Amino acid sequence: MVYLTWDIDKIINLNNNINNIIPLALAKIWLIVQNAAKENAPYLTGTLRRSISTDFDKITQWVVIVWSPVVYARRREYENYLHPERKFYLKRAYTENKKEILDIVRKYLSDWLD
């Protein structure tokens, strides 16, 4: 007979602490994505780069939104004739850092499962 009690105890521990784990992991993740978006954003006057921020209100629902209130931010995400290599600056902020993001998630979850 196989007993899985320590596995169950770890899962119970994770379940009890998940509300602490996720916001900490998200805080590290949004900083990575926000900083990468600022680096990737097209630059003319710097307004778009300076405006990229995070919506903290959603963190309680385990969703973080990196965005810009600048009226042309969405347009620059999808089209940019002056600097076409700067298109998809928000999307690339995530995709270029996906491995690091997954490592953060694994680290925070493994800390509670070990």
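Everything below is about the structure printed above this text.
Residues numbered from 1 in each chain as written. Predicted model: local features only at pLDDT ≥ 70, side-chain atom pairs only at ≥ 80, totals over all residues. Heavy atoms only, no water.

Visitor: So what about the packing of aromatic side chains? Which residues, and what values?
Guide: Scanning all chains against the criterion turns up one aromatic pair. Measuring from ring centre to ring centre gives 6.1 Å for Tyr-78 and Phe-88, while their planes differ by 85°; the resulting arrangement is edge-to-face. Of the two residues, Tyr-78 is situated in helix 3 (residues 73–78) and Phe-88 in the loop between helix 3 and helix 4 (89–95); the sequence distance between them amounts to 10 residues. You can call Phe-88 partly exposed: its relative accessible area is 32%. Just above the ring of Phe-88 sits the side chain of Lys-91; from NZ or CZ to the centre is 6.0 Å. If you follow Lys-107 out to its NZ or CZ, it ends over the ring of Tyr-108, 5.0 Å from the centre. (Phe/Tyr/Trp six-rings, centres within 6.5 Å; stacked < 30°, edge-to-face > 60°. Helix = DSSP H or I, 4+ residues; strand = E, 2+ residues; numbered from the N terminus. Buried < 20%, exposed > 50% of the residue type's maximum accessible area, 1.4 Å probe, protein only. Lys NZ or Arg CZ within 6 Å of the ring centre and 35° of its normal.)

Visitor: Account for the nonpolar core, with residues named and values stated.
Guide: Membership of the largest hydrophobic core comes to 18 residues, with the highest contact counts inside it found for Val-33, Leu-48, Ile-52, Tyr-89 and Ile-104. Every element with two or more residues in this core is listed here: helix 1 (5–40), helix 4 and helix 5 (98–113). The biggest single contributor to this core is helix 1, with seven residues. Those residues within four positions of Tyr-89 in sequence are excluded, and the remaining contacts are Ala-37, Asn-40, Ala-41, Pro-42, Leu-48, Ile-52, Ala-73, Arg-76 and Glu-77. (Core = buried A, V, L, I, M, F, W, Y, C linked by side-chain atoms within 4.5 Å. Contact = heavy atoms within 4.5 Å.)

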